[in-house]
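Each chain is listed here by its residues.
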Amino acid sequence: MGSSDRVFNRKRTVHQILGGGLVADVMLWRRKNLTVGILVQTLAAWVVFEISGYTLLTLVSSVLLLLFTILFLWSKSAKILNRPAPPLPHLYLSEEIAVEAATFIRDHVNTVLSVSEDVAYGRDSRMFVKAALTLLMISIIGSLADFFTLGYICLLMVLTVPALYERYEDHIDSYALIWCRKLQQLYVRFDEGCITKVHQWFLEMKKLS
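- Per an unreviewed UniProt entry, the recorded name for the protein is Reticulon-like protein, and the organism is Perilla frutescens var. hirtella.
- According to the UniProt record, the Subcellular location (unreviewed entry) comment for the protein is "Endoplasmic reticulum membrane".

Here it is as structure tokens:
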């Protein structure tokens with residue numbers, strides 16, 4: 001199958017698209033022991049949360065309280081018994097890391113705000129449809145599962161969908177291209193029949209006002 005027959009006309013492999021490093025190896029099950037370990041540990045954490053009824057805030061607070069208590073008692077006893085202090089690394093957030101993180105967040109927030117502005121002013125009909133469908137999907141999924149269940153499902157999908165796609169990509173791409181063409185035709189009809197007319201109606205109302 002040539003690159004023109006791939007979804008989005010991609011030329012790179014799935015492993016290359018995912019970065020080609022450790023993360024890609026884990027997602028594509030090229031390091032099965034590590035992938036299985038992540039799935040098992042995450043499943044165990046999810047079961048603990050579901051059975052115990054702990055929330056994330058309660059668990060983090062309890063773990064930090066236990067950790068600080070152990071370190072505090074260790075330090076005090078070390079001074080009394082002339083023992084070495086706990087081997088803690090120097091915790092420090094450098095200005096460079098803070099600036100890079102702030103720049104990264106600012107760029108992504110500005111992108112979201114720019115897209116939101118285009119949607120709000122009716123400049124991008126396709127983006128409006130994509131945003132509406134995405135928000136609707138998030139709302140439906142959020143009503144069916146809690147945060148931890150949703151997080152585990154997302155992790156499960158991340159560690160299974162790319163691997164399954166890489167294995168059966170020829171069949172998936174052929175069917176996906178067929179459905180993409182059909183969806184594009186439906187969108188063109190929807191755009192011509194509804195969105196364009198509504199946009200024209202807003203323009204006419206604006207002129208009249």
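The rest of the description comes next.
**Digging into the overall build of the protein**
Inference 1: When helices and strands are tallied, the protein shows nine helices and zero strands.
Inference 2: Reading the protein from its N end, one meets helices and strands in the order α-α-α-α-α-α-α-α-α.
Inference 3: Relative to its full complement of 209 residues, the protein shows a buried share of 14%.
Inference 4: Within the protein, contacts between residues separated by at least 24 positions form 57% of all contacts whose residues are at least 6 apart in sequence.
Inference 5: Of the roughly 17,100 Å² of accessible surface on the protein, 68% is carried by carbon and sulfur atoms.

**A look at the UniProt feature "transmembrane region" (unreviewed entry) in the protein**
Inference 1: As recorded in UniProt, the sites labelled "transmembrane region" (unreviewed entry) are residues 33-49, 55-74 and 133-159.
Inference 2: Annotated as residues 33-49, this span is 100% helix and 0% strand, and its ends, taken at the C-alpha atoms, are 24 Å apart.
Inference 3: The annotated region residues 55-74 carries 95% helix and 0% strand content, and the separation between its end C-alpha atoms amounts to 28 Å.

**Some points on the packing of helix α3 (residues 32-52) against helix α7 (residues 147-158)**
Each pair of packed helices gets described by two things: the angle between the helix axes and the distance between those axes.
Inference 1: Their axes nearest at 10 Å, the elements α3 and α7 cross at an angle of 170°. The angle between the axes of α3 and α7 places the two elements in the roughly antiparallel class. Crossing of α3 over α7 shows left-handed handedness. Facing α3, whose interface residues are Ile38, Leu39, Thr42, Leu43, Trp46, Phe49 and Glu50, α7 presents Phe148, Thr149, Tyr152, Leu155 and Leu156.
Inference 2: Among the residues making up the contact of α3 with α7, the classes are represented as nine nonpolar, two polar and one charged.

**Observations regarding the packing of aromatic side chains**
Inference 1: Applying the stated criterion to the full structure yields one aromatic pair.
Inference 2: Plain terms: the ring middles of Trp46 and Tyr152 are 6.0 Å apart, the flat faces sit at 15° to each other, and that makes the pair stacked. Linking Trp46 in helix α3 with Tyr152 in helix α7, this pair joins segments that are 106 residues apart in sequence.
Inference 3: On the accessibility criterion, Trp46 (27% relative accessible area) is partly exposed.
Inference 4: Taking NZ or CZ as reference, Lys182 lies 5.0 Å from the ring centre of Trp179, over its face.

**Some thoughts on the pattern of salt bridges**
Inference 1: A full pass over the atoms with the stated rule returns three salt bridges.
Inference 2: A salt bridge links Arg30 to Glu166; the shortest N-O distance between them is 2.6 Å. Taken together, the positions of Arg30 in the loop between α2 (22-27) and α3 and Glu166 in helix α8 (residues 161-167) put the pair 136 residues apart, joining distant regions of the chain.
Inference 3: Of the residues examined, Glu166 reaches a relative accessible area of 22% and is grouped as partly exposed.
Inference 4: Taking the shortest distance from any N to any O, the salt bridge between Arg106 and Asp107 comes out at 3.5 Å.

About the cut-offs
Residues numbered from 1 in each chain as written. Predicted model: local features only at pLDDT ≥ 70, side-chain atom pairs only at ≥ 80, totals over all residues. Heavy atoms only, no water. UniProt positions renumbered as here; feature names shortened; annotations may be inferred. Helix = DSSP H or I, 4+ residues; strand = E, 2+ residues; numbered from the N terminus. Buried < 20%, exposed > 50% of the residue type's maximum accessible area, 1.4 Å probe, protein only. Contact = heavy atoms within 4.5 Å. Areas by Shrake-Rupley, 256 points an atom, 1.4 Å probe, with all protein chains shown as cover. Axes fitted to C-alpha atoms, helices over the stretch in contact; angles between N-to-C directions. Parallel < 35°, antiparallel > 145°, perpendicular 65-115°, else oblique. Left-handed = near helix turned anticlockwise from the far one by under 90°. Nonpolar A, V, L, I, M, F, W, Y, C, P; charged D, E, K, R; others polar. Phe/Tyr/Trp six-rings, centres within 6.5 Å; stacked < 30°, edge-to-face > 60°. Lys NZ or Arg CZ within 6 Å of the ring centre and 35° of its normal. Salt bridge = Lys/Arg side-chain N within 4 Å of Asp/Glu carboxyl O.

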